[in-house]
Amino acid sequence: MKRILVTGGAGFVGSHLCERLLEEGNEVISMDNYFTGRKSKIVHLMDNPYFEIIRHDVTLPYFLEVDEIYNLACPASPVHYQHNPIKTVKTSVLGAINMLGLAKRIKAKILQASTSEVYGDPEIHPQPEDYWGHVNPIGIRSCYDEGKRCAESLFVNYHNSNDVLVKIVRIFNTYGPRMEPDDGRVVSNFIMQALQGKDITVFGDGTQTRSFQYVSDLVDGMIKMMATEDDFIGPINIGNPGEFTMLELAENIIELTGSKSRIIHLPLPSDDPMQRKPDISLAQEKLQDWEPRIDLRTGLSKTIEYFDDLLKEKSIKELM
Ligand code: NAD
Ligand code: UDP
């Protein structure tokens, strides 16, 4: 049994990761400041004596003894990370410094949840790990993109200079149950709008693309990356190469929900990447038996069921 710390453990991805690590027989500690996370995402784990929660902000140091650290703490939705951009940079940079310092002191292995956003608005398609990216360092997304790029640099340098065992995964757009309904990301927005018969808000002309990965495929990939040989540190792309325009996504969601919502167009936010698709050859070579298993329509159906139940619970509560 390993003792594992998950920062951002009460977030969308973190809650699924904590659940899976517990199922695999580990002792798991979630550390979160509940900025975008919620206890309700992990409450079902709290009866498990091998699960602990700590309320703590990763921009401040913390000491505890664990074997592995998954560093996920950081808001991921543009709406949330742009809410307080300086805090977003601090979370990525100071959070990485504090967690790497801890890993060094206690000799733990540490994995960084980096992002496809390090590629910015990419000029190379699909994106392999050796592409350096095309990021606007002063744009509205830079607090997130540059924070994550600096965190990657810190991870590599703690490995090279201090022998810390590090792993870096670059995560592409991931969706699934336990996303926040008002989180602002496209999948949750479109599903909530479709289920409530509201207009579906496509930004720009909707021809921009993303490659959507179901959360269980990401969790598989992260755990397999942590288990790779010590001298392989990444970065490694984890995503589903199925690429869709935002209009195609909206149409799929309308069809799967049977919604009567209509599509409307709103202005495209600045620096919104026009295309994004992972080259996953490295992941397929290095991560044992890993491949994306859940296609978009299957994953969307599971996610729609989750949001549908959430809306039903809400309307029952309102009736009471
Ligand atoms: P999320 O916003 O649901 O989860 C982030 C969690 O971190 C939340 O529980 C939040 O409260 C916590 N947090 C934020 N700032 C903190 C701080 N200063 N101290 C302690 N906790 C803090 O987002 P998510 O989708 O679950 O993303 C998890 C990680 O994966 C993030 O690092 C994100 O950058 C990365 N990632 C996610 C995606 C995606 O599509 N979901 C894509 C690329 C990268
Ligand atoms: N988007 C959209 N309507 C929405 C929310 C997002 O058309 O209501 C678009 C957004 O402009 C972007 C894509 O969907 O082109 C993905 O946005 P998201 O915020 O989910 O992720 P990211 O841009 O960080 O990849």
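Because the structure is a prediction, the values reported are computed rather than measured.

Some thoughts on the site of ligand 2
Of all residues adjacent to ligand 2, which total 14 residues, the nearest are Arg 185, Val 186, Asn 189, Thr 201 and Phe 203. When contributions to the shell around ligand 2 are tallied by element, the ones reaching two or more residues are α5 (186-195) and β8 (200-203). For the shell around ligand 2, the class distribution of residues is seven nonpolar, four polar and three charged.

As for the environment of Lys 286
Mapped onto the elements, Lys 286 comes out in helix α8 (residues 281-286). The partly exposed category is assigned to Lys 286, around which 15 C-beta atoms lie within 10 Å.

Some points on the UniProt feature "domain: NAD-dependent epimerase/dehydratase" (unreviewed entry) in the protein chain
Listed under "domain: NAD-dependent epimerase/dehydratase" (unreviewed entry) in the UniProt record, and renumbered for this structure, are residues 4-239. Between the C-alpha atoms that bound residues 4-239 the distance is 24 Å, and the span itself is 34% helix and 19% strand.

Details of the site of ligand 1
By nearness alone, 28 residues border ligand 1, and Gly 8, Gly 11, Val 13, Thr 36 and Gly 37 come closest of all. Of all the elements, helix α1 (residues 12-23) adds the most residues to the shell around ligand 1, at three residues. For the shell around ligand 1, a count of residues per class yields 13 nonpolar, 13 polar and two charged.

As for the packing of helix α3 (residues 85-106) against helix α4 (residues 142-162)
The geometry of α3 relative to α4 is characterised by a closest axis approach of 8 Å and an angle of 15° between their N-to-C directions. Judged by the inter-axis angle, α3 sits roughly parallel to α4. Every pair of crossing elements has a handedness; the one defined by α3 and α4 is right-handed. Every residue of α4 that contacts α3 at Pro 85, Thr 88, Val 89, Ser 92, Val 93, Ala 96, Ile 97, Leu 100 and Lys 104 is listed here: Cys 143, Tyr 144, Gly 147, Lys 148, Cys 150, Ala 151, Leu 154, Phe 155, Tyr 158 and Asn 162.

Points about the nonpolar core
Core analysis: the biggest nonpolar cluster contains 72 residues, and Leu 100, Ile 110, Val 169, Phe 190, Ile 191 and Met 222 have the highest contact counts within it. Here this core gets seven residues from one element, more than from any other, and that element is α5.

Points about the sheet that holds strand β11 (residues 236-238)
What the seven strands build is an open sheet, ordered β3-β2-β1-β4-β5-β6-β11; its pairing is parallel. Two strands in the sheet have a free side with no partner beyond their single neighbour: β3 (51-55) and β11. Adjacent strand axes in the sheet meet at a mean angle of 20°, parallel and antiparallel pairs treated alike. Sitting on the sheet, α3 is in contact with β1 (3-7), β4 (68-71) and β5 (109-115), with an inclination near 175° to β4.

Some points on the environment of Leu 60
Note that Leu 60 resides in the loop between β3 and β4. Of the residues examined, Leu 60 has 10 C-beta atoms within 10 Å and is grouped as exposed. Distance from Leu 60 to Asn 33, taken between C-alpha atoms, is 11 Å for residues 27 residues apart in sequence.

Some details on α4
Helix length check: α4, at 21 residues, gives a terminal C-alpha distance of 28 Å against a target of 30 Å (1.5 Å per residue), a fit within 8%. Packed against the buried residues of α4 are α2 (78-81), α3, β5 and β6 (166-171). Looking one or two residues past α4, Asp 163 carries a phi angle of roughly 60°, positive in sign.

Examining unusual backbone geometry
In this model, His 125 is joined to Pro 126 through a cis peptide bond whose omega is -10°. Here Pro 126 shows up in the loop between β5 and α4. In this structure, Pro 235 follows Gly 234 across a cis peptide bond, with omega equal to 0°. Residue position: Pro 235 is located in the loop between α6 (215-226) and β11.

Thresholds, definitions, all that
- Residues numbered from 1 in each chain as written.
- Chains lettered and ligands numbered in written order.
- Predicted model: local features only at pLDDT ≥ 70, side-chain atom pairs only at ≥ 80, totals over all residues.
- Near = placed C-beta within 6 Å.
- Helix = DSSP H or I, 4+ residues; strand = E, 2+ residues; numbered from the N terminus.
- Nonpolar A, V, L, I, M, F, W, Y, C, P; charged D, E, K, R; others polar.
- Buried ≥ 20, exposed ≤ 12 C-beta atoms within 10 Å, placed from the backbone.
- UniProt positions renumbered as here; feature names shortened; annotations may be inferred.
- Axes fitted to C-alpha atoms, helices over the stretch in contact; angles between N-to-C directions.
- Parallel < 35°, antiparallel > 145°, perpendicular 65-115°, else oblique.
- Left-handed = near helix turned anticlockwise from the far one by under 90°.
- Contact = placed C-beta atoms within 7 Å.
- Core = buried A, V, L, I, M, F, W, Y, C linked by C-beta atoms within 7 Å.
- Pairing = 2+ DSSP bridges.
- Expected span 1.5 Å × (residues − 1).

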